[in-house]
Amino acid sequence: MTAAPTTAKRPFHLFLIKPSHYDDDGYVIQWVRSSIPSNTLAVLNGLALDCAERDVLGDDAEIRISVYDETNTRIKPREIIRQIREAGGRGLVCLVGVQTNQFPRAVDIARPLRAAGVSVCIGGFHVSGCIAMLPDIPPELREAMDLGITLFAGEVEGRLEMLLQAADRDGLQPLYNFMNDLPGLEGAAVPYLAVDVVRRTSGLRTSFDAGRGCPFLCSFCTIINVQGRKSRARSPADIERIVRENLAQGVHNFFITDDNLARNQNWEAVFDRLIKMREEEGLHIQIVAQVDTMAHKIRGFIAKAGRAGVNRVFIGMENINPEALKQARKGQNQITEYRAMLQAWHRAGALTYGGYILGFPGDTPASIERDIGIIQRELPIDLLEFFILTPLPGSADHKKLHLAGVEMDRDMNKYDSVHVTTRHATMSDEDLQRIYHRAWDLYYTPEHVETVLRRAKVRGYSPRNMMLKLLVFCAVPRLEKLHPLEGGLFRRKYRGDRRPGMSRENPLTFYSRYILEILTKHLRFAAMYWRYRRILKRVEKDPRPYTDAAIAPVRQEDFEELELFTASPAAKFAVEKLRRRSTAGVRPSPSTPSAAKDAPVESTGISAAPLS
Ligand code: B12
Ligand code: SF4
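Cut-offs used in this document
- Residues numbered from 1 in each chain as written.
- Chains lettered and ligands numbered in written order.
- Predicted model: local features only at pLDDT ≥ 70, side-chain atom pairs only at ≥ 80, totals over all residues.
- Heavy atoms only, no water.
- Helix = DSSP H or I, 4+ residues; strand = E, 2+ residues; numbered from the N terminus.
- Rg over C-alpha atoms; globule rule 2.2 N^0.38 Å.
- Buried < 20%, exposed > 50% of the residue type's maximum accessible area, 1.4 Å probe, protein only.
- Contact = heavy atoms within 4.5 Å.
- Areas by Shrake-Rupley, 256 points an atom, 1.4 Å probe, with all protein chains shown as cover.
- Lys, Arg positive; Asp, Glu negative; His and termini not counted.
- Charge placed at Lys NZ, Arg CZ, Asp CG, Glu CD.
- Pairing = 2+ DSSP bridges.
- Axes fitted to C-alpha atoms, helices over the stretch in contact; angles between N-to-C directions.
- Parallel < 35°, antiparallel > 145°, perpendicular 65-115°, else oblique.
- Left-handed = near helix turned anticlockwise from the far one by under 90°.
- Nonpolar A, V, L, I, M, F, W, Y, C, P; charged D, E, K, R; others polar.
- Near = heavy atom within 4 Å.
- Polar contact = N/O pair within 3.5 Å; in protein donor to acceptor, adjacent residues only side chain to side chain.

What follows is about the overall build of the protein chain. For the protein chain, the count of helices and strands is 22 helices and 16 strands. In summary, the protein chain has a C-alpha radius of gyration of 24 Å against a globular reference of 25 Å for 612 residues, a match within 12%. For the C-alpha atoms alone, the extent of the protein chain along its principal axes is close to 75 × 55 × 55 Å. With 612 residues in all, the protein chain has 59% of them scored as buried. The long-range fraction of contacts in the protein chain, counting pairs at least 24 apart against all pairs at least 6 apart in sequence, stands at 79%. About 25,100 Å² of surface is accessible on the protein chain, with carbon and sulfur atoms providing 53% of the total. Within the protein chain, one finds 84 positive and 74 negative side-chain charges whose respective centroids are separated by 3 Å.

See below:
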């Protein structure tokens, strides 16, 4: 992974490391193969390659770049120190894309490096989010600066050159703050990971961000406060270049990491290019994308997405209770649109993943259980992923609690959306944590797995493919107590890589437990696979036609008949409001930021007309 030295120039070692975080036992979450490559790593690598090509440290210097993702590679600080010292050169270790939950681990990696005098810089959402939203620098950032770590807030496009030059002359500042100056992305060096780095993840899939920024205002969201609400996009020509470069190295699968591709100002031009490449040149391109729940209202968006190769979409559904959505300032999510929206994605051939948040003020274990049942029966979502409502630094929610002095967990490692980090209005921490873990079991029951497979068969989606996706998605939370996005193939644990403050275990205890764990987890996985396979066989063999309330066409009567619209006063009110608006002929567009403030609704949800 280290670029081989080519000349006798003085070396400058640039290490780009994406840190992982600790599990509840204090071991680094690490796999032989992790699930998704880090896009931040791809972005930083693309920028670094560009700096190296332009000789930004002078003709006499050679920038040697090493790229590591800790979720699939063990980081050995001693080895980094040795490499820098042996080459007699200078160097910089960049800890990249550091989220809040990864900040403690990033500092632990940095500690021995700093003790050896190596320059270290940390950037990513934790630093940027805190600097953007908090009146003071929080203690963990201060502690990092006290260790001599440089913090970088903001985006590094157009700035890496300056940073490398400062590191080369030992002149790094403690804090760089570019939060008020978001760079344009047109013409910026494109994200790139060599295929040997991509191979360390499963599925040979790479990623790129086609753009940044989202117009909406969700209170739990960090993105709008870090990357802004205005769409900044890469040019369609750059996107084509990224895709072609990856096709040339045999990578055909892409995760477009835009939080909301539907609001990328260039979506249509980008899709048109991809459609041309697929339909005219016959290139094999498959895309996973993230979109909002009103994307089906953008004329042509879903149909073009399907033709461009989008075969999986993550949809921020968040909740089916309009009251919860309103509290979270997610008024653009209209439950009256959910069925039409999901059906539109299915018509385009895409598999749908719904993000679902637990822990809104009105939630109780009973209401969560009821709502999951309604989703199973009435919404044609394929995979559902659960998160605990978390005050992530960088979000309006976090700022509000911080300013009000409300207690939040001080251990940043826990801010991964699967741990409770602040008090809920009515549930105890234990109750919320319990119902969070139970939610996965409630949704992924054998009966519901069968239903999802039957629905897939009806629309011509491979039930086998669907079965495998369901299996992997529910195995990680069940077996590892981790979110599936943090999962991978074959868990690695190193006795010496335990969180400081937690004792190093006796080798006998550590290895015997590790082996036992591997055996039991694999046996449980095999049992799950066996059970799912039996369900698949049953579905495949069954010749009877199938339908249910979720996949039936959207009708006027749904509003009276489906629990989705009658289970709570807020749901009934949402229908009432829609009727009033449609009678008045109001058609605000959800694609504009101002409309987002105002719970945008189009009137079509009330008719049975296809929506995209
Ligand atoms: C793709 C993605 C993922 C992918 C891959 C991770 C990755 N980094 O690529 C997957 C699916 C695995 C993932 C998982 C999770 N994610 Co995620 N993810 C994203 C997403 C959508 C895009 C990341 C990205 O590529 N951004 C574009 C890059 C270029 O931006 P960037 O990271 O900020 O980097 C720029 C600057 O910060 C700076 N910079 C960054 N690092 C460095 C380092 C140095 C030295 C310097 C100088 C500059 C610098 O320069 C970069 C270029 O301008 C973001 C949201 C977002 N819009 O960023 C959420 C986000 C980062 N994820 C988040 C979270 C919480 C998670 C999860 C815990 C699950 C969850 N609850 O969503 C897991 C954690 C698992 C893990 N091991 O990472 C949060 C983090 C918030 C926070 N305060 O911690 C975000 C912001 C979304 C949110 N919910 O608010 N995620
Ligand atoms: S839709 Fe909401 S949660 Fe999603 S990126 Fe936009 S503001 Fe954030």
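Here the narrative resumes, following the displayed structure.
Attention shifts here to the sheet that holds strand S14 (residues 351-358). Taking strand neighbours across the sheet as the criterion, the six strands line up as S8-S11-S12-S13-S14-S15 in an open arrangement whose pairing is parallel. Two strands bound the open sheet, and with one partner strand each, they are strand S8 (205-208) and strand S15 (383-388). Averaged over all neighbouring strand pairs, the angle between strand axes comes to 20°, with direction disregarded. Relative to strand S13 (residues 310-318), helix H13 (residues 335-347) is tilted by about 165°, and along the sheet it contacts strand S12 (286-291), S13 and S14. In this fold helix H18 (residues 463-480) packs onto S13, S14 and S15, with an angle of close to 15° to the strand it touches most, S15.

Put simply, helix H14 (residues 365-378) and helix H16 (residues 429-443) touch, their axes get as near as 10 Å, and they point 25° apart. Judged by the angle between their axes, H14 and H16 are roughly parallel. Between H14 and H16 lies a crossing whose hand is right-handed. Side by side, H14 and H16 meet where Pro365, Ile368, Glu369, Ile372, Ile375 and Gln376 of the first sit next to Ile435, Arg438, Ala439, Leu442 and Tyr443 of the second. Residue composition of the contact of H14 with H16, by class: eight nonpolar, one polar and two charged.

Let us look at the site of ligand 1. Within the structure, ligand 1 sits among 42 residues, and Asn39, Thr100, Glu157, Thr222 and Asp259 are positioned closest to it. Contact between ligand 1 and Pro393: a nitrogen atom at 3.3 Å from a main-chain N or O atom of the residue. Listed by contribution, the elements that provide at least two residues to the shell around ligand 1 are helix H1 (39-53), strand S4 (90-95) and strand S5 (119-123). Of all the elements, H1 adds the most residues to the shell around ligand 1, at four residues. Taken together, the residues of the shell around ligand 1 break down into 17 nonpolar, 17 polar and eight charged.

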